Amino acid sequence: MDVTTIGSVIAFVGVLSGSVVAYLGKRGENATARMNSEIDQIQEERDGLRKELGERNARIETLLNQRVTDQETIARLRIKVINLGGDP
């Protein structure tokens, strides 16, 4: 084999290894982009669920306050019925 053939083989091996490295690098880049996209979606879902949970907790708090108010009203009405001579 002469020097030109050896040089061509070395150049071919270099180009081939460069192509493999570029391919693997692109696969890694795609995997990273995909993972970042999934993480972003998960974070958006988490934020939405936190908002829904906050709204639900506020609604529960409102209902509990209404219940306390209703119980106070019922107690006052029972006292009024008793004062008027009735049986609650």
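Everything quoted here is computed from the prediction, not taken from an experiment.

Caption draft 1: Broad picture of the overall build of the chain. Secondary structure summary: the chain contains one helix and zero strands in total. For 88 residues, the compact-globule estimate of 2.2 N^0.38 gives 12 Å, and the C-alpha radius of gyration of the chain, at 37 Å, exceeds that figure by more than 25%. For the C-alpha atoms alone, the extent of the chain along its principal axes is close to 125 × 15 × 5 Å. For the chain, buried positions account for 0% of its 88 residues. Between the mean site of the 12 positive side-chain charges and the mean site of the 13 negative ones, the chain shows a separation of 8 Å.

Caption draft 2: Geometry of a nonpolar patch on the surface. Taken together, Val9, Phe12, Val13, Leu16, Val20, Tyr23 and Leu24 make up a surface patch of nonpolar side chains, about 700 Å² in accessible area. When you line up the elements, leucine 24 lands in helix H1 (residues 3-83).

Caption draft 3: Summary view of the pattern of salt bridges. By the definition in use, this model includes two salt bridges. Measuring nitrogen to oxygen at the nearest pair gives 3.6 Å for the salt bridge that ties glutamate 29 to lysine 26. With glutamate 29 and lysine 26 both in helix H1 and three residues apart, this pair spans about one turn of that helix. Classification of lysine 26 as partly exposed rests on a relative accessible area of 43%. When the shortest N-O distance is used, the salt bridge between aspartate 47 and arginine 46 registers 3.4 Å.

Caption draft 4: Region of the structure containing H1. For H1, which comprises 81 residues, the first-to-last C-alpha distance of 119 Å matches the rise-based estimate of 120 Å (1.5 Å per residue) to within 8%. Phi turns positive one or two residues past the end of H1, at glycine 85, with a value near 90°.

Parameters and conventions
- Residues numbered from 1 in each chain as written.
- Predicted model: local features only at pLDDT ≥ 70, side-chain atom pairs only at ≥ 80, totals over all residues.
- Heavy atoms only, no water.
- Helix = DSSP H or I, 4+ residues; strand = E, 2+ residues; numbered from the N terminus.
- Rg over C-alpha atoms; globule rule 2.2 N^0.38 Å.
- Buried < 20%, exposed > 50% of the residue type's maximum accessible area, 1.4 Å probe, protein only.
- Lys, Arg positive; Asp, Glu negative; His and termini not counted.
- Charge placed at Lys NZ, Arg CZ, Asp CG, Glu CD.
- Patch = residues over 30% accessible without salt bridge, like charges linked within 9 Å, V, L, I, M, F, W, Y side chains within 5 Å.
- Areas by Shrake-Rupley, 256 points an atom, 1.4 Å probe, with all protein chains shown as cover.
- Salt bridge = Lys/Arg side-chain N within 4 Å of Asp/Glu carboxyl O.
- Expected span 1.5 Å × (residues − 1).

In short, shape yes, function no, at least from these values alone.
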